[in-house]
Amino acid sequence: MITYRRLRLACCCMTAVLAWLIAPPVSAQITNVVFSEDFEGTTINPGKFQAAAPFFEGGVGDIAATQHDGMVEFMGTVSQQWWAGATLQVVPTFTISPETNVVFTVDRVQEAGVGTASRSALWIMDSTQTKYILFADVRGEEGWRYNRKIGESGDVPTGGGTILTAFDGGSWDDGGWHQMKAVANGKTVSLYLDDVFGADVKFPYSTLVFHIGSYARANNDVANTFFDNLKIE
């Protein structure tokens, strides 16, 4: 004989089974490291990086990168203003799909430039390297900010750029260790410092090129920036 209690239990079990069958699948976030460098040793790996100097304001100097003490250091002096600099371009390029973001992180260990102004530079570029976001700590000119060039309203391709107010003043401007992060999805690039959100910046490109580097502003200014632990996921 089927009792009311057994019938109710059977109905509850059936309801649970149906709920499990029709529930939407739980998606797991999968992270895959596709490029990394800890800068150990004394030689910059030419299979990973090539020396470059993306145009910013046309300055000239002898700024260059060396690898030592588990870091990469950019150092040199401006001989012709404005904003001379040098970078290391990450050799592989990275393609974004609707399902796959690209996450770039690097430790800016120290910004130790001397003179009127200097900047620690992370470039996010399109495949032609004519469109860009320049994420930087601009010592001497109000700290963390970005420049953008995509040919649209809101561009500030040179000069001081757009201030990241989330990183304005205090310990953000200490010239010391901070992790710079850029998350690109093919429509925007989200900028973070120490995992604190700074801004979403429109950047509608699906193939990206990355550089790290250092710039100094005026004649006789010295660029001096240290980076470590670069990773792309």
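Look up: the structure comes first, before these words.
Every value quoted in this text rests on a predicted model; they were computed, and no experiment measured them.

Visitor: Let's hear about the pattern of salt bridges: which residues, and what values?
Guide: Considering all chains together, one arrives at six salt bridges under this definition. With a closest N to O distance of 2.9 Å, Lys202 and Glu152 form a salt bridge. Of this pair, Lys202 sits in strand β15 (residues 196-202) while Glu152 sits in the loop between β11 (143-149) and β12 (162-163), and the two are 50 residues apart along the sequence.

Visitor: Explain unusual backbone geometry residue by residue, including any values.
Guide: A cis geometry characterises the amide bond from Gln81 onward to Trp82, with omega recorded as 15°. Among the secondary structure elements, Trp82 is positioned in the loop between β5 (71-80) and β6 (84-90). Although it is not a glycine, Phe39 adopts a positive phi angle of roughly 60°. Positioned with a positive phi, Gln129 is a non-glycine residue whose angle comes to about 60°. Among the structural elements, Gln129 can be located in the loop between β9 (118-125) and β10 (132-139).

Visitor: Please give an account of the packing of aromatic side chains that cites residues and values.
Guide: In total, this model carries 15 aromatic pairs according to the counting rule given. An aromatic cluster is defined as three or more aromatic residues linked by ring pairs; in this entry it consists of Phe35, Phe39, Phe49, Phe94, Phe104 and Phe210. Directly above the aromatic system of Phe35 lies the positively charged group of Lys48, at a separation of 5.8 Å from the ring centroid. For Lys181, the ring lying beneath its charged end belongs to Tyr192, and the centroid distance is 4.9 Å.

Visitor: I'd like a rundown of the pairing of β15, residues and numbers included.
Guide: Examined bridge by bridge, strand β14 (residues 188-193) and β15 share six bridges and lie antiparallel to one another. Note on β15: the bridge partner recorded for Leu193 is Val196.

Visitor: An account of the nonpolar core is requested, with residue identities and associated values reported.
Guide: Membership of the largest hydrophobic core comes to 39 residues, with the highest contact counts inside it found for Val90, Phe104, Ile124, Phe210, Ile212, Leu230 and Ile232. Apart from residues lying up to four places away in sequence, Val90 is in contact with Phe35, Lys48, Phe49, Phe104, Phe210, Leu230 and Ile232. If you look at the next biggest cluster of nonpolar residues, it comprises twelve residues, including Met125, Leu134, Ala136 and Val209.

Visitor: So what about the side chain of His178? Which residues, and what values?
Guide: For His178, the position within the fold is in strand β13 (residues 178-184). At a separation of 3.0 Å, a polar atom in the side chain of His178 contacts the side chain of Asp174. Beyond its immediate stretch of four places on either side in the chain, His178 contacts Val106, Asp107, Arg108, Trp144, Ser171, Trp172, Leu193 and Asp194.

Analysis parameters
Residues numbered from 1 in each chain as written. Predicted model: local features only at pLDDT ≥ 70, side-chain atom pairs only at ≥ 80, totals over all residues. Heavy atoms only, no water. Salt bridge = Lys/Arg side-chain N within 4 Å of Asp/Glu carboxyl O. Helix = DSSP H or I, 4+ residues; strand = E, 2+ residues; numbered from the N terminus. Phe/Tyr/Trp six-rings, centres within 6.5 Å; stacked < 30°, edge-to-face > 60°. Lys NZ or Arg CZ within 6 Å of the ring centre and 35° of its normal. Pairing = 2+ DSSP bridges. Core = buried A, V, L, I, M, F, W, Y, C linked by side-chain atoms within 4.5 Å. Buried < 20%, exposed > 50% of the residue type's maximum accessible area, 1.4 Å probe, protein only. Contact = heavy atoms within 4.5 Å. Polar contact = N/O pair within 3.5 Å; in protein donor to acceptor, adjacent residues only side chain to side chain.

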